[in-house]
Amino acid sequence: FSSRRRHTRYISVTGVQTCALPIYPAATSCVVNRAYSYAVGRTTLAGEKAVVAYLEKGFAADNYRFPALIRRIALSDAFLAVGSAPAPAGREAKL
């Protein structure tokens, strides 16, 4: 975090949730991007900017609660549209 509050100590997740995330939009964006990337198993694509913006707004509306963000990601159409990687040539996918 680069600002005059750089040396603030956050004692708990709640402190980060109520102090850092509302003040630092880059922190909110980072949390959402990392959570979404982890959920879909790859980096965020350029065409997913609208999805990420929607998730960021929802994260803020949910008072920066991480479980609510994960739920929002899991229920999003973008997450449901992510397919699995194709099986390597010569091998069948096992279910």
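Note: the structure precedes this text.
Residues numbered from 1 in each chain as written. Predicted model: local features only at pLDDT ≥ 70, side-chain atom pairs only at ≥ 80, totals over all residues. Heavy atoms only, no water.

Colleague: How would you sum up the overall build of the chain? Please name residues and give values.
Modeller: A count of helical and extended segments in the chain gives five helices and zero strands. Counting helices and strands in the order they occur from the N terminus, the chain gives α-α-α-α-α. For the chain, the proportion of contacts with a sequence separation of at least 24, taken over those separated by at least 6, is 41%. About 7,300 Å² of surface is accessible on the chain, with carbon and sulfur atoms providing 58% of the total. (Helix = DSSP H or I, 4+ residues; strand = E, 2+ residues; numbered from the N terminus. Contact = heavy atoms within 4.5 Å. Areas by Shrake-Rupley, 256 points an atom, 1.4 Å probe, with all protein chains shown as cover.)

Colleague: How would you sum up the nonpolar core? Please name residues and give values.
Modeller: The biggest cluster of nonpolar side chains holds 13 residues, and the ones touching the most others in it are Leu21, Val32, Tyr36, Leu55, Phe59, Leu69 and Ile73. The set of elements that each furnish at least two residues to this core consists of helix 2 (25–40), helix 3 (49–61) and helix 4 (66–75). Element by element, the count of residues in this core is highest for helix 2, at five residues. With residues near it in sequence (within four places) discarded, Phe59 still touches Leu21, Thr28, Val31, Val32, Tyr64, Arg65, Phe66, Leu69 and Arg72. (Core = buried A, V, L, I, M, F, W, Y, C linked by side-chain atoms within 4.5 Å. Buried < 20%, exposed > 50% of the residue type's maximum accessible area, 1.4 Å probe, protein only.)

Colleague: Describe helix 4, with residues and values.
Modeller: The set of residues buried in helix 4 consists of Ala68, Leu69 and Ile73. Taken around the axis of helix 4, the buried residues stretch over an arc of 140°, which confines them to a single face. Opposite the packed face of helix 4, turned more than 90 degrees from it, sit the exposed residues Pro67, Arg71 and Leu75. Contacts made by the buried residues of helix 4 are with helix 2, helix 3 and helix 5 (77–80). (Arc of directions from axis to C-beta.)

Colleague: Go over the packing of helix 2 against helix 4, please, and point to the residues and values.
Modeller: When two helices pack together, their arrangement is given by the angle between the helix axes and by the axis-to-axis distance. Viewed as axis vectors pointing N to C, helix 2 and helix 4 meet at an angle of 45°, and their least axial separation amounts to 10 Å. The orientation of helix 2 relative to helix 4 falls into the category oblique. The two elements helix 2 and helix 4 meet at a crossing, and its hand is right-handed. On the side of helix 2, the interface is formed by Val31, Val32, Ala35, Tyr36 and Ala39, while helix 4 contributes Phe66, Leu69, Ile70 and Ile73. (Axes fitted to C-alpha atoms, helices over the stretch in contact; angles between N-to-C directions. Parallel < 35°, antiparallel > 145°, perpendicular 65-115°, else oblique. Left-handed = near helix turned anticlockwise from the far one by under 90°.)

Colleague: Give a description of the side chain of Ser37 that names residues and reports values.
Modeller: Note that Ser37 resides in helix 2. Contacts of Ser37, omitting those with residues within four sequence positions, involve Arg42, Thr43 and Thr44.

Colleague: Outline the packing of helix 2 against helix 3, listing residues and values.
Modeller: Remark: helix 2 packs on helix 3, axes separated minimally by 10 Å, with the N-to-C direction vectors making an angle of 120°. One element, helix 2, and the other, helix 3, form an angle in the oblique class. Read as a crossing pair, helix 2 and helix 3 show a hand that is right-handed. Judged by residue contacts, Thr28, Ser29, Val31, Val32, Asn33 and Tyr36 of helix 2 engage Val51, Val52, Leu55, Glu56 and Phe59 from helix 3. For the contact of helix 2 with helix 3, the class distribution of residues is seven nonpolar, three polar and one charged. (Nonpolar A, V, L, I, M, F, W, Y, C, P; charged D, E, K, R; others polar.)

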